[in-house]
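The residues making up each chain are set out below.
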Amino acid sequence: MSTLLQLRVRASQRLNQTLVSSDVPAASVLWTRSEMNQWANEACEAIWSEIVESGGAPALVTVTDGTYTASTLRMSLQTLLGVTDDPLEILEVRDVTNASATGLGLTLTYKPHGNFNTGVSNDVDAALAYRNNATRRLWTWSGSNPMRIELCPVPTTALTLRVRYVPAVPATLALDADVPSWLPTAHHNLIVQYIVVQAKQKEDSDFRPDWALYQEKLQRLLESIEDRQQQSSRGIYITDPSEYGGP
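In what follows, the accompanying structure is described. (Residues numbered from 1 in each chain as written. Predicted model: local features only at pLDDT ≥ 70, side-chain atom pairs only at ≥ 80, totals over all residues. Heavy atoms only, no water.)

### What about the pattern of salt bridges?
In step 1: For the structure shown, the criterion picks out 11 salt bridges.
In step 2: Across the salt bridge formed by Arg-94 and Glu-92, the nearest N and O atoms sit 3.1 Å from each other.
In step 3: Of the residues examined, Arg-94 reaches a relative accessible area of 16% and is grouped as buried.
In step 4: Taking the shortest distance from any N to any O, the salt bridge between Arg-220 and Glu-216 comes out at 2.4 Å. Linking Arg-220 with Glu-216, this pair stays in helix 5 (residues 208-231), spanning four residues, or about one helical turn.
In step 5: We classify Arg-220 as partly exposed; its relative accessible area is 47%.
In step 6: A relative accessible area of 39% places Glu-216 in the partly exposed class.
In step 7: A cluster of three or more residues bridged by salt bridges with shared partners is formed by Arg-8, Asp-23, Arg-33 and Asp-176. (Salt bridge = Lys/Arg side-chain N within 4 Å of Asp/Glu carboxyl O. Buried < 20%, exposed > 50% of the residue type's maximum accessible area, 1.4 Å probe, protein only. Helix = DSSP H or I, 4+ residues; strand = E, 2+ residues; numbered from the N terminus.)

### Some remarks on unusual backbone geometry
In step 1: A cis geometry characterises the amide bond from Asn-145 onward to Pro-146, with omega recorded as 5 degrees.
In step 2: Structurally, the position occupied by Pro-146 is in the loop between strand 6 (138-142) and strand 7 (148-152).
In step 3: With omega at 0 degrees, the peptide bond leading from Cys-152 into Pro-153 counts as cis.
In step 4: For Pro-153, the position within the fold is in the loop between strand 7 and strand 8 (159-166).
In step 5: One non-glycine residue, Ser-28, adopts positive backbone phi at about 65 degrees.

### Examining the pairing of strand 7
In step 1: Counting buried residues along strand 7, four of its five residues qualify, which places the element largely inside the surrounding structure.
In step 2: Sheet topology places strand 2 (residues 74-76) next to strand 7; three bridges connect them, and they run antiparallel. For Ser-76, the partnering residue across the bridge sits in strand 7 and is Arg-148.
In step 3: With five bridges connecting them, strand 6 and strand 7 associate as antiparallel partners. Looking at the pairing, Ser-142 lines up with Arg-148 of strand 7. (Pairing = 2+ DSSP bridges.)

Structure follows, in structure tokens:
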């Protein structure tokens with residue numbers, strides 16, 4: 001894994017910029033340390049967006065536990081998750097209030113608000129059912145800035161919810177030791193390539209070959225993510241080969 005410091009140094013070496021104390025100078029040079037940090041974070045956001053737009057959002061999933069306030073009809077997802085931007089996608093919500101440290105908790109069923117009805121789901125799953133008459137709680141979302149989550153029935157006591165979701169943006173690289181851990185190590189050079197492009201644009205150099213290389217590397221990343229998702233997808237079992245042109 002490449003740290004922010006290592007990403008800066010690799011970009012500087014590509015640009016033939018002299019290092020000072022094994023790092024990019026903080027001032028009095030054309031490409032400063034702070035500028036390279038900014039470009040590194042711009043690269044992360046650009047790559048993140050490309051992954052999401054290409055359908056690779058599941059590769060960016062994170063999991064967070066949050067407290068849903070008792071007797072609350074709906075609450076901000078930003079507050080629940082401790083984030084400042086609405087999630088791009090929610091894949092799963094579990095109630096882990098009474099789960100052990102290694103327990104999976106109880107899966108909550110997503111329903112559009114119009115289907116809440118009495119708040120009790122008819123599709124009871126015995127393995128995940130609540131102890132109180134084997135009913136399951138439902139959840140839905142609405143709005144934006146902030147996006148809100150709503151439970152039905154409304155809980156009378158606080159619940160701990162475990163949410164699998166895609167964050168709006170990647171974590172900022174702020175410290176020298178920070179690592180873009182969401183990006184496979186083999187593709188960290190994408191960030192370096194982006195920094196090089198921005199640096200050459202600043203000095204009015206021909207950045208087009210480097211931009212073409214960035215696009216080529218980005219496409220390899222997207223193809224890699226697509227391949228991984230296909231490998232983990234559900235298998236298809238053919239019961240009648242003749243329907244598919246087989247013998």
